[in-house]
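Results of the structural survey
Each chain, letter by letter, is given below.
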Amino acid sequence: MKRVELYFQVRHAVRIEGLSERAAARRFGVDPRTVSKMLRFPVPPGYRRSKPPVRPKLGPFVPVIDRILEEDKAKPKKQQHTSKRIFERLRDEHGFTGGITIVKDYVAAQRQRSQEVFVPLAHPPGHAQVDFGEALGVIGGVERKIHFFAFHLPHSDASFVVAYPAETTEAFGDGHVKAFAFFGGVPQSILYDNTKIAVARILGDGKRQRTRVFTELQSHYLFEDRFGRPGRGNDKGKVEALVGFARRNFLVPVPVFDSFEALNAYLMECCRRRMNDRLRGHDQTIGERLAQDLAALHKPLPPAYDACEKVATTVSSLSLVRYRGNDYSVPTCYGHHKVLVRGYVHEVVVAYGADIIAHHPRSYEREDFIFDPLHYLALIERKINALDQAAPLVGWNLPEEFATLRRLLEARMGKQGKREFVQVLRLMEAFDIRDVTAAVADAINRGAISFDAIKHLVLCRIERRPPRLDLTMYPYLPRTTVAMTSARAYMALLAGGAA
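Report on the accompanying structure.

The next subject is helix α7 (residues 169-183). End to end, α7 covers 22 Å across 15 residues, agreeing with the expected 21 Å (1.5 Å per residue, within 8%). Within α7, 13 of the 15 residues are buried, which leaves it mostly tucked inside the rest of the structure. Phi for Gly184, located one or two positions after α7, is positive at around 75°.

So, in C-alpha cells, the structure goes:
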C-alpha cells in the first residue's frame, strides 16, 4: 500500500505542483530514474523480465523435457509424465545433476502456456448434444454400474436422462427414441463424441465413416450429425456439464430401485422438475426458454425406430443361439436353422423368417444360459428318459399340483405316465399356465388322471362350458346300469359258445 501511495505523491508533485523530476527525487528520496518510471505508470507495474532466465544446469536438457511433454499429448491423461518422473528420467537417462525444483518450475510454465483457450459459443434453437455417463446404483438389490444416456438442448438447457445396464448399440438407439418422444420432435442436428457406436472409422481427411446402425437411425429420423474433435470434450461442453450435473444431483445418494423402469421414471421426473430452474445469466426458466427449441424441432415424429442390434446366426444342436456371449434357447424344431437375433435393451427376440420363435429377458451376465423350458418339451416327450436330467427344466418352479399329477400318473402307468405328464406340460405351449394349473387341480379332484381329461378341462374352462366328465350335468340322458357278472351266468355263456 505504501508503494502505491508513494506513486501518488511523486506523480502529484510533478504533474500538479510542477516540481522537476530531480526535485521530486530529492524530496522523496528516490532515484531520478525511478521518478521517470512513476510518471509512466499510475501504480507499480510489477517486475518485468527483460530477457529469458538463464538456466545453466537445465538449459541443455530443455529439448528433452519439451520432447517428453509433446509425446505426452498423444498418451492417456493418467499415463502422462509428472514433473517428478521427468526429473527422474533426466537424472537416470541423461545425467542431469540439478535439483527437482527447477525441473518442476519449467514443466509448470510449459504446461500453463500450452493450455487451450476457448471461444464462448452461441447455440441456436433446435440443436442437441448427446453423451453417455456412468454412476453406481442398486437395481433389484444388486449394486452395479449404471450407464445413463444424456440428451441436451443447449439453447434452452432442457435435458433428458435415461439409464441402461450397459452402453450398447441398442441403448444408444433407444435413448434417442425416448428423448425424441419426451420433447415431441427431432432436432435439426445432434453433436456427438467419436463413439464407436456411431463412428466406424475416422478417415485421413477427418471425415467420419458411420456405422450401419447409426446410419439407419439417422435415415429414420432425418437429423444432421456433428462430431467433436477426438479427445476434446469441450466441443460438446453443454452435454458434458449435464452428465456431471445428473450424476451429482439425480444420482446422489446412490439410487436404489427395484428395476431400471422404476429408476427411469424417477430420472424423467427429475428432468421435468429441472424445467422450473432459472440458470445464471437468464431471465427465464429452462421451461420457458424451451418453447423456442420446441418450435425449431422437426415434427411430427415418425413411427418409433426399432432400437435393436440385429445378428444373423445358426441355432446349435442344443437349440441355443449365442448373442453377446450368452446363450438363449429356441424351440428344438429349429435346431441347425439360420435365424435372426434382435437384441433390445431388456429383451432378446429370435426370428425365423417372418416368424418370432423366441422371446427372452436380456442377460448382461457372462457365459449365461437363458432357457425357456417349453422349447424343449417336444423333444423330451420323444426322449422321455431325459426328463429328470434336462437342464432347461432345472429351476422351473411349477405349482404343487403338477408334482401331485406326476406322482399319480407314474403310479398308474409307469413310463407312459411320464410321457403323459410331459404332454400335460406341453399344454402351456398353447394355453396360459393359470388355466392349465386350474385344469390339473380339477382333474385331481375328480380322479380323472389323464392327459385327455386335463386337455378337455382346459378347453371347457376357456370356452366357459361345463365339462362332460360329470354326468350330473346331463339329467336328460338315459342311465345305464351295469350289474356284476355271476360265475354261473359266465359258465353258461361259455357253454353256449362251445355249442
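Structure shown, so let's carry the discussion forward.
This paragraph deals with the pairing of strand β3 (residues 158-164). With seven of seven residues buried, β3 lies mostly within the body of the structure. The side-chain alternation of β3 yields two buried faces, one formed by Ala158, Phe160, Val162 and Tyr164 and the other by Ser159, Val161 and Ala163. Sheet topology places strand β2 (residues 142-153) next to β3; seven bridges connect them, and they run antiparallel. Bridging from a neighbouring strand, Leu153 pairs with Ala158 of β3.

The next point concerns the nonpolar core. Core analysis: the largest hydrophobic core is formed by 54 residues, its most contacted members being Phe151, Phe183 and Phe223. Broken down by element, this core gets its largest block of residues, seven residues, from α7. When residues no more than four places from it in sequence are discounted, the contact partners of Phe223 are Phe180, Val186, Pro187, Gln188, Ile190, Tyr192, Phe214, Leu217 and Gln218.

Right, let's talk about the layout of surface pockets for a bit. Taken as a whole, the second largest pocket spans an internal volume of roughly 320 Å³. Lining the second largest pocket are 17 residues, with Ser317, Leu318, Thr332, Tyr376 and Leu379 positioned closest to its centre. When residues in the lining of the second largest pocket are grouped by element, the largest group, three residues, is from helix α12 (residues 377-382). Looking at the lining of the second largest pocket residue by residue, the class counts come to 10 nonpolar, five polar and two charged.

Looking at where Asn194 falls in the secondary structure, it is placed in the loop between β4 (189-192) and β5 (199-202). Given a relative accessible area of 21%, Asn194 falls into the partly exposed group. Taking the C-alpha atoms as reference points, Asn194 and Ala351, 157 residues apart in sequence, are found 32 Å from one another. Here the side chain of Asn194 touches Arg208 through a polar contact of 2.8 Å, side chain to side chain.

Moving on to unusual backbone geometry. For the bond from Val252 to Pro253, the omega torsion is 0°, close enough to zero to count as cis. By the element assignment, Pro253 lies in the loop between α9 (237-249) and β8 (256-257). The step from Lys299 to Pro300 runs through a cis peptide bond, and the omega angle for that step is -5°. With respect to the secondary-structure elements, Pro300 resides in the loop between α11 (286-296) and β9 (309-314). The residue Arg324 is not glycine, and still its phi comes out positive at about 50°. In this structure, Arg324 sits in the loop between β10 (320-323) and β11 (326-329). By relative accessible area, Arg324 is classed as partly exposed at 41%. In the Ramachandran plot, Glu367 falls in the positive-phi region, its phi being about 55° despite a non-glycine side chain. Within the secondary structure layout, Glu367 lies in the loop between β14 (355-361) and β15 (369-370). Taking the relative accessible area as the measure of exposure, Glu367 reaches 69% and is therefore exposed.

Looking at where Asp157 falls in the secondary structure, it is placed in the loop between β2 and β3. At 3.3 Å, the side chain of Asp157 and the side chain of Arg289 are in polar contact. For Asp157, the residues in contact, after removing those within four places along its chain, are His152, Lys238, Arg274, Leu279, His282, Ile286 and Arg289.

By secondary structure assignment, the location of Leu457 is in helix α16 (residues 451-463). Placed 148 residues apart in sequence, Leu457 and Glu309 show a C-alpha to C-alpha distance of 43 Å.

Quick look at the pattern of salt bridges now. Summed over all chains, the structure comprises 28 salt bridges. A salt bridge links Lys145 to Glu134; its shortest N-O distance comes to 3.6 Å. Of this pair, Lys145 sits in strand β2 while Glu134 sits in strand β1 (residues 127-139), and the two are 11 residues apart along the sequence. On the basis of relative accessibility, which here comes to 44%, the residue Lys145 falls in the partly exposed class. Measuring nitrogen to oxygen at the nearest pair gives 2.6 Å for the salt bridge that ties Glu216 to Arg212. In this pair, Glu216 and Arg212 are both assigned in helix α8 (residues 212-221), four residues apart and thus about one turn of the helix distant. Residue Glu216 is classed as partly exposed on the basis of its relative accessible area, which comes to 30%. Taking the relative accessible area as the measure of exposure, Arg212 reaches 48% and is therefore partly exposed. A network of salt bridges, in which partner residues are shared, links Glu170, Glu309, Arg324 and Arg362.

Rules and cut-offs
- Residues numbered from 1 in each chain as written.
- Predicted model: local features only at pLDDT ≥ 70, side-chain atom pairs only at ≥ 80, totals over all residues.
- Heavy atoms only, no water.
- Helix = DSSP H or I, 4+ residues; strand = E, 2+ residues; numbered from the N terminus.
- Expected span 1.5 Å × (residues − 1).
- Buried < 20%, exposed > 50% of the residue type's maximum accessible area, 1.4 Å probe, protein only.
- Pairing = 2+ DSSP bridges.
- Core = buried A, V, L, I, M, F, W, Y, C linked by side-chain atoms within 4.5 Å.
- Contact = heavy atoms within 4.5 Å.
- 1 Å grid on protein atoms, 1.4 Å probe; cavity = no way out; pocket = protein on both sides within 12 Å on 5 of 7 lines; lining within 4 Å.
- Points joined across faces, edges and corners; volume = space filled by probe spheres on them.
- Nonpolar A, V, L, I, M, F, W, Y, C, P; charged D, E, K, R; others polar.
- Polar contact = N/O pair within 3.5 Å; in protein donor to acceptor, adjacent residues only side chain to side chain.
- Salt bridge = Lys/Arg side-chain N within 4 Å of Asp/Glu carboxyl O.

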